[in-house]
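Breakdown of the fold
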Amino acid sequence: MRPRVDLNLVARALRHLNDSAYFEDRLHQFTSHIVAAIQHVLDNPGVYDAAIEESFARTARSVQAYLAGSTSNETPYEVVYCLKDALTRWKLGGAAIVTFMTEGHNFHLQPLDPWDFIEKSIANYDSKGFKLVVAMIGVPDLYAHKPVFCVPLFHELGHFVDIGRYNITVTSLALNQNLVAAPGYNPQTEYFHRLEHFADLFAACFVGRSSVAALEAIAGAAAASQSHPSTVQRVAVVEAFLAGRNHPVVDLFQAALKRLQLPELKIVFETVDVTPDFDDARTFTPKNIEQVYGMFDSAWSYLFTAIDQNRNPWALPVRKDADVESLTNDLTEKSIRNFAIRQGWNAATSGP
Amino acid sequence: MPLLQAHEIKRRLALTDQDRLFLDPLLDVGQIGEVSIDLRVGPDFLVSVLTRKPAIDVSPPDRRDIASYFRMTRREVGDRFVLYPGQIVLAASLEYVALPRSLYADIITRSSYSRLGVHLNTMIQPGFRGCIPLELVNHGNNPIEIVVGSRVVQMRLFDLPVSSAYQSGTTNRKYLGNVRPAVSRAQDDKDLAVLDRIRRTNP
């Protein structure tokens, strides 16, 4: 529809959404400010270019979809808990994560920063100092309660840290222009391939090899394209990193991160083995958040080893892959949730 | 069938072998009473809703999925959930419980909540794995705010003279390893088909 009509509709939908009790407080404030900014544009016809109104309508529609997704009760809360911790380690502890449940099989990051747009384009809107960085991530609704299958979210978070905040890949291009997309240098391909390598490495820091195991499952035979390196190339970079071997791509990003005074890429997860607990249909009890991250790789191996080897860990009278899948995901989800609950309880009961 | 007392409950919780009683998270050792363990309400709720169908039909063949009579909602620990008079709400314990094959459990409402009109009585089979299902009904005439994470029920444990296998028989247990509330699977009861055949052949 026309931008001003859409803006009005989006404002109405956001007001309705803001009555939801599912939001954290700052998302309520964020939504209120988006609505106020829209109202400001609607109350001041002719002040902003038609192109800006159109962009704003597009941005607002997107924000509304993601915020609506975050109130759907289908958010993968336990994975988001881990993603928030990961952001804190990258000096982005103040950022909020909103998830949009998609119908397809693809995870994605919405690269636009709505608040950045408002600050730059809706210049006369007075936000009274409010600012919130929001990571908007798309999750297939099939995987809402499947944390093991949500490991690609760490890759998407890597994109957010890179494209959305720090321009790490852009910085790396200033250090070395032709490294990954040979032969036949193409600046755009080089840039796109590096984005993927960085996000892969970022994910591997937290969820280990499961990050590329997921990639192999989704696109095992994928050859290099304009936008993506081949899966073989991507796996090789991650495996070198996890093994502690030197690799020019890893070294390049470490140099870029150093220049930006950001944390280096390093393994965060602690290796654990969920097998003894999961074989007894019990939750795993991580001792620290690093072990929570370690669970993803272990649970991934557990699940697919059980399927590939036709294991029947719980001596089910009728063994089905579907039961192995659902119980492994449920035990993983509950193990993470229990860790978060214990952490919250300990924080609330310690100190004065 | 001796009822387990506090010292035995603690001893079982500390074991690592097949007689181990597993409960995660046990946030406060004070949950262990003289002859029971208090359990907390978890964050997920399946709330019953009215539909255009006049009744929940569990019999074949023209049945509608029981899940369609419930809607899932989620709260965080410490949030409130309002339990309305006469409404059935399916919840699950915050704790994931694994019973050894030699222990049977029953779940009853703590007296503080019984006095508010919330009554519940569930039996848990030896060898059970999962969050304990809590079928909450408010029998009073005032809505009640339940705090997620609060101790609403208690679990009594009984030692069996002979161990019992949870996974026995030819079909899988319906609720193994549930970590969130699950709707009734009464529709899966195989004898419903037999009963339906009897009904059809009756003159």
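Look up a bit, the structure's there.
Residues numbered from 1 in each chain as written. Chains lettered and ligands numbered in written order. Predicted model: local features only at pLDDT ≥ 70, side-chain atom pairs only at ≥ 80, totals over all residues. Heavy atoms only, no water.

**Remarks on the overall build of chain A**
Put simply, the rule reads: The secondary structure listing takes helices from DSSP runs of H or I that are at least 4 residues long and strands from runs of E that are at least 2 residues long, numbered from the N terminus. In this setup the radius of gyration rests on C-alpha atoms only. A globule is expected at 2.2 Å times the number of residues raised to 0.38. The classification of residues rests on relative accessible area computed with a 1.4 Å probe and restricted to protein chains. Under 20% of the type maximum is buried, over 50% is exposed, and intermediate values are partly exposed. Between two residues, a contact is recorded if the distance between any of their heavy atoms is within 4.5 Å.
Along the backbone of chain A there are 14 helices and three strands. Taking 2.2 N^0.38 as the reference for a compact globule, 352 residues should give roughly 20 Å; the C-alpha atoms of chain A span a radius of gyration of 22 Å, in line with that estimate. Per-residue burial for chain A yields a buried fraction of 54% across its 352 residues. In chain A, the proportion of contacts linking residues at least 24 apart, taken out of those at least 6 apart, comes to 75%.

**Brief notes about the pairing of strand β8 (residues 121-124) of chain B**
Residues and elements named next belong to chain B. Rules: Note on pairing: DSSP must find at least two bridges between two strands before they are called paired.
Residues Thr122 and Ile124 line the buried face of β8, whereas the alternating positions Asn121 and Met123 sit on a face that is not buried. Direction of pairing for strand β7 (residues 103-109) relative to β8: antiparallel, over a ladder of four bridges. From the neighbouring strand, Ile108 faces β8, where its bridge partner is Asn121.

**Brief notes about the packing of aromatic side chains**
Stated formally: Each Phe, Tyr or Trp ring (for Trp, its six-membered ring) is paired with any other whose centre lies within 6.5 Å, and the angle between the two planes then decides the class: stacked below 30 degrees, edge-to-face above 60, tilted in between. Look at NZ for Lys and CZ for Arg. If either is within 6 Å of the ring centre and within 35 degrees of the ring normal, a charge sits over the ring.
Counting across every chain of the model gives 21 aromatic pairs over all chains. Plain terms: the ring middles of Phe30 of chain A and Trp115 of chain A are 6.1 Å apart, the flat faces sit at 50 degrees to each other, and that makes the pair tilted. Of this pair, Phe30 of chain A sits in helix α2 (residues 25-43) while Trp115 of chain A sits in helix α5 (residues 114-121); the two residues are 85 residues apart in sequence, bridging distant segments of the chain. On the accessibility criterion, Phe30 of chain A (0% relative accessible area) is buried. For Trp115 of chain A, a relative accessible area of 1% gives the class buried. Feature note: the residues Trp90, Phe154, Phe198, Phe202, Phe206, Phe253, Tyr293 and Phe296 of chain A constitute an aromatic cluster, connected by ring pairs. If you follow Arg282 of chain A out to its NZ or CZ, it ends over the ring of Phe22 of chain B, 5.4 Å from the centre. Note that Arg74 of chain B overlies the ring of Tyr77 of chain A, its terminal NZ or CZ placed 4.0 Å from the centroid.

**Focus: a nonpolar patch on the surface**
Residues and elements named next belong to chain B. For clarity, the threshold we go by: Only residues whose relative accessible area exceeds 30% and that take part in no salt bridge are eligible for patches, with like-charged residues grouped when within 9 Å of each other and nonpolar side chains (Val, Leu, Ile, Met, Phe, Trp, Tyr) grouped when within 5 Å. The Shrake-Rupley method, run with a 1.4 Å probe sphere, supplies the accessible areas, and residue values consider only the shown protein chains as cover. Each salt bridge in this description consists of a side-chain nitrogen of Lys or Arg and a carboxyl oxygen of Asp or Glu lying within 4 Å of one another.
A cluster of nonpolar side chains, namely Val194, Leu195 and Ile198, defines an oily patch on the protein surface of about 250 Å² accessible area. Along the chain, Val194 turns up in helix α3 (residues 191-201). Since its relative accessible area comes to 38%, Val194 is described here as partly exposed.

**A short note on the sheet that holds β8 of chain B**
Residues and elements named next belong to chain B. This is how the line gets drawn: Every axis in this analysis is a line fitted to C-alpha atoms, fitted for helices over the stretch in contact. Angles between the N-to-C directions lie between 0 and 180 degrees.
With antiparallel pairing, four strands are arranged side by side in an open sheet as β2-β11-β7-β8. Each of the sheet's edge strands pairs with one partner strand only, and the pair in question is β2 (37-40) and β8. This sheet shows a mean twist of 30 degrees between the axes of neighbouring strands, independent of strand direction.

**Describing the pattern of salt bridges**
A complete count under the given rule lists 36 salt bridges over all chains for this structure. As a salt-bridge pair, Arg311 of chain A and Asp279 of chain A come within 2.9 Å of each other at their nearest N and O atoms. Of the two residues, Arg311 of chain A sits in the loop between α13 (289-308) and α14 (321-349) while Asp279 of chain A sits in helix α12 (residues 275-279), which places them 32 residues apart along the sequence. By relative accessible area, which is 25% here, Asp279 of chain A ends up partly exposed. In this structure, Arg11 of chain B and Glu8 of chain B form a salt bridge, with 2.9 Å as the shortest nitrogen-oxygen distance. With Arg11 of chain B and Glu8 of chain B both in helix α1 (residues 6-14), this residue pair falls three residues apart, about one helical turn. For Arg11 of chain B, a relative accessible area of 44% gives the class partly exposed. What makes Glu8 of chain B buried here is its relative accessible area of 17%.

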